[in-house]
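Letter by letter, the chains look like this.
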Amino acid sequence: QVQLVESGGGLVQAGGSLRLSCAASGRSFRSYVMGWFRQSPGKEREFVAGITWSGGRTYYVDAVKGRYTISRDNAKNTVSLQMNSLKPEDTAVYYCAASTMAVVVATTPGSYDYWGQGTQVTVSS
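Parameters at a glance
Residues numbered from 1 in each chain as written. Predicted model: local features only at pLDDT ≥ 70, side-chain atom pairs only at ≥ 80, totals over all residues. Heavy atoms only, no water. Helix = DSSP H or I, 4+ residues; strand = E, 2+ residues; numbered from the N terminus. Rg over C-alpha atoms; globule rule 2.2 N^0.38 Å. Buried < 20%, exposed > 50% of the residue type's maximum accessible area, 1.4 Å probe, protein only. Contact = heavy atoms within 4.5 Å. Areas by Shrake-Rupley, 256 points an atom, 1.4 Å probe, with all protein chains shown as cover. Phe/Tyr/Trp six-rings, centres within 6.5 Å; stacked < 30°, edge-to-face > 60°. Lys NZ or Arg CZ within 6 Å of the ring centre and 35° of its normal. Pairing = 2+ DSSP bridges. Axes fitted to C-alpha atoms, helices over the stretch in contact; angles between N-to-C directions.

Thoughts on the overall build of the protein
Next, step 1: Secondary structure assignment for the protein yields 0 helices and 11 strands.
Next, step 2: Of the regular secondary structure in the protein, the N- to C-terminal order runs β-β-β-β-β-β-β-β-β-β-β.
Next, step 3: For the protein, the C-alpha radius of gyration of 13 Å lies close to 14 Å, the compact-globule estimate for 125 residues.
Next, step 4: Expressed as a percentage of the 125 residues in the protein, the buried residues total 43%.
Next, step 5: In the protein, once contacts between residues fewer than 6 apart in sequence are set aside, the share between residues at least 24 apart is 59%.
Next, step 6: In the form shown here, the protein has an accessible surface area of approximately 6,400 Å², with 48% of it arising from carbon and sulfur atoms.

Shown next, in the form of structure tokens:
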């Protein structure tokens, strides 16, 4: 069983920055592909960023490329999402997710086995 706990969400003005963190339980964290997703009211959950088990490969949805950076610390069982130049359209609940089977970054929610409870990010204009 893997437990994921997100933190770092909040309210920020457009152009500002936030850093989300996800703390994971379990000794196998270093073998998981990790991802961040987001969901706005009335919309489907969408992939934002992902990182391979070693941190050697990252992948971003086009809407956040150049603004977001995903990273992980396998010694601390954490994955982070640095979000810069935030826009009102980035407003959503952000979820951390772990895939125990993927070997490359997966972009579909069904590829992930474990999810955090989500953290709200609100960007005001």
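Here the narrative resumes.
Quick notes on the packing of aromatic side chains
Next, step 1: What the rule picks out here adds up to 6 aromatic pairs.
Next, step 2: Ring centres of F37 and F47 lie 5.6 Å apart, and the angle between their planes is 80 degrees; on these two criteria the pair is classed as edge-to-face. Here F37, found in strand 4 (residues 33-39), pairs with F47, found in strand 5 (residues 46-51); they are 10 residues apart in sequence, far enough to count as distant. You'll find F37 and F47 in the same group, each marked buried.
Next, step 3: With a centroid separation of 6.5 Å and an interplanar angle of 80 degrees, the aromatic rings of Y95 and W115 are classed as edge-to-face. Taken as a pair, Y95 in strand 9 (residues 92-99) and W115 in strand 10 (residues 114-115) lie far apart in primary sequence, 20 residues in all.
Next, step 4: For Y95, a relative accessible area of 13% translates into the label buried.
Next, step 5: Cluster of aromatic residues (ring-pair linked, three or more members): F37, F47, Y59, Y95, Y112 and W115.
Next, step 6: Over the face of the ring belonging to Y95 we find R45, whose NZ or CZ atom lies 3.7 Å from the ring centre.
Next, step 7: Directly above the aromatic system of W115 lies the positively charged group of R45, at a separation of 4.8 Å from the ring centroid.

What about the sheet that holds strand 7 (residues 68-73)?
Next, step 1: Pairing within the open sheet is antiparallel, and its 4 strands lie in the order 1-3-8-7. A strand with exactly one partner marks an edge of an open sheet, and here the two such strands are strand 1 (4-7) and strand 7. Between one strand and the next, the sheet's axes are offset by a mean angle of 15 degrees, whatever the strand orientation.
Next, step 2: Bridging between strand 3 (residues 18-24) and strand 8 (residues 78-83) involves 6 bridges; their strand directions are antiparallel. Its bridge partner being in strand 8, L18 is matched across the sheet by M83.

All we've got here are geometric facts, nothing functional implied.
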